[in-house]
Amino acid sequence: ITLSTKVNSEQLELDADSNTGTASTNSRNSLFHSLLNPKDKRISGSMNRLCRQIIKSVEPDWEFDNEQTQELIANAIDKMKQNSILICIDNFEDIEEPPKKLGNTEEGKRLLSAVMQEYEYFQDFFRKWSISYEQLRPGENKTSKRNTQVLITTRGRGEKSQNSPM
């Protein structure tokens, strides 16, 4: 599962074949799927999108039924415990450290609040996965290829990073 806040955003990819040397990031030139809302290109709902992808990777016929975020997190972690999944979250800095200038306007403050809510959901997800991961097959090598692994890239500081191996 590969997700990024860069796909379908304003950020660009290097492209030596274009006149400008860059190109918009999209599904044709990125192996990542967008973590952003396809309608408004915002981060709101990104935790739900991640959880739905995790669940659907194991149960392709699963249908979203308006589950709350915490229900989706629990279901996703259950799937992660039972299956071997590689989850890559790219450009996490957009969630971890949103631009401070967002707080300069009322609309920006609403966006900032929504991003911070998503950040809390991600921290909760990482915390719960860390605990579940530690409880997997006591005594066995937890870096076994049989266990789900989570890879996160960020340009941020990782201030609240998890100490447990993920």
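So, here is what we can say about the structure in this document. If you're wondering where the values come from, they're calculated on a predicted model, not measured in any experiment.

What to know about the pairing of strand β5 (residues 86–90)
With respect to burial, β5 is a largely interior element, 4 of its 5 residues being buried. Bridging between β5 and strand β6 (residues 149–152) involves 4 bridges; their strand directions are parallel. Counted as the bridge partner of Leu86 is Gln149 from β6.

Remarks on the packing of helix α2 (residues 69–82) against helix α4 (residues 106–135)
Helix-helix packing is characterised by the crossing angle of the two axes and by the distance between the axes. Direction vectors running N to C along α2 and α4 enclose 35°, while the axes themselves pass 10 Å from each other. As α2 packs across α4, the resulting crossing turns out to be right-handed. Contacts between α2 and α4 pair Thr69, Gln70, Ile73, Ile77, Met80 and Lys81 from the former with Tyr121, Asp124, Phe125, Lys128, Trp129 and Ser132 from the latter. Tallied by class, the residues present in the contact of α2 with α4 amount to 6 nonpolar, 3 polar and 3 charged.

Conventions used here
- Residues numbered from 1 in each chain as written.
- Predicted model: local features only at pLDDT ≥ 70, side-chain atom pairs only at ≥ 80, totals over all residues.
- Heavy atoms only, no water.
- Buried < 20%, exposed > 50% of the residue type's maximum accessible area, 1.4 Å probe, protein only.
- Helix = DSSP H or I, 4+ residues; strand = E, 2+ residues; numbered from the N terminus.
- Pairing = 2+ DSSP bridges.
- Axes fitted to C-alpha atoms, helices over the stretch in contact; angles between N-to-C directions.
- Left-handed = near helix turned anticlockwise from the far one by under 90°.
- Contact = heavy atoms within 4.5 Å.
- Nonpolar A, V, L, I, M, F, W, Y, C, P; charged D, E, K, R; others polar.

Limitation: the analysis is restricted to geometry and does not speak to function.
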